[in-house]
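These are the residues of each chain, in order.
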Amino acid sequence: MALELQKLESGYGRLKVLFGVSLKVEKGSITALLGPNGAGKTTTLLTVVGVVRPWSGRVLYQGVDVTATPPHKKVEMGIALVPEGRRLFPEMTVEENLLMGAYVKRARDKAHDTMEWVFSLFPRLKERRRQKAGTMSGGEQQMLAIARALMSRPQVLLIDEPSAGLAPKVVSDLFQVVKTLKGEVSVLLVEQNVAAALEVSDYAYVLENGHVVKEGPPEQLVADEHVKKAYLGI
């Protein structure tokens, strides 16, 4: 098992957001975490990486309890986050942003090879390697955000709302690249575009008000009446 959350509870101040969230990400798979705004999806990812401290429950990475491990140590161990809103360095070039993603020692040693790999995934980034990140389109910036996280050579990649604000064609292209990562890295994908997420994922969980209310393979969730009405508009 690449990643496992066991009865995870967390929140902000006195506001509890997650209520016993349990989920698993199989090695080499793409697992989707779906749900409406305010369901706790981003909080789940931030709790996994340690930006938000869990109130109770456990985070297991490759069978090891990393619940209390600091965020920078988790990156060194192989957990990377593509944050919502991309959070790039706009005045830096594409190449400089990528190198920032390879700051952990095991990634620095292979930075050149990794960069060539991410350029093969995102050829447009190679074309724009000298361009400042802040001058690129939203789709290109999202490509760069994912590529920067991949520069750390992660075993588990957490991606938060990659389709936000992007045109349907760009979203389709982006998700096809995510699909190619299957087998290379284990992915936990947070996404409001349920149809797109289910198309590329092996398994999915539905989060509502901090609770996991549904789970199963994509074909099972697509056939679920609640999911069809609430998320697919059917």
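Located above this text is the structure these notes cover.
Residues numbered from 1 in each chain as written. Predicted model: local features only at pLDDT ≥ 70, side-chain atom pairs only at ≥ 80, totals over all residues. Heavy atoms only, no water.

Caption draft 1: Spotlight on the layout of surface pockets. Considering only enclosed or pocket space, the largest pocket measures out at about 540 Å³ in volume. Around the largest pocket, the lining comprises 24 residues; the ones closest to its centre are Val75, Ala80, Leu81, Val82 and Pro83. Among the elements of the structure, helix H1 (41–49), helix H2 (71–77), strand E6 (79–82) and helix H7 (138–150) are those that each provide at least two residues to the lining of the largest pocket. Approximately 170 Å³ is the volume attributed to the second largest pocket. Taken together, the residues that form the lining of the second largest pocket break down as four nonpolar, one polar and three charged. (1 Å grid on protein atoms, 1.4 Å probe; cavity = no way out; pocket = protein on both sides within 12 Å on 5 of 7 lines; lining within 4 Å. Points joined across faces, edges and corners; volume = space filled by probe spheres on them. Helix = DSSP H or I, 4+ residues; strand = E, 2+ residues; numbered from the N terminus. Nonpolar A, V, L, I, M, F, W, Y, C, P; charged D, E, K, R; others polar.)

Caption draft 2: Broad picture of the pairing of strand E4 (residues 56–61). Pairing geometry for strand E1 (residues 3–12) and E4, over five bridges, is antiparallel. Of the residues in E4, the one forming a bridge with Leu5 is Val59. Where E4 and strand E5 (residues 64–65) come together, two bridges link them in antiparallel fashion. In the sheet register, Leu60 faces E5, and the bridge partner there is Asp65. Following E4, the chain reverses through two residues before pairing antiparallel with E5; Gln62 in that reversal takes a positive phi of roughly 50°. (Pairing = 2+ DSSP bridges.)

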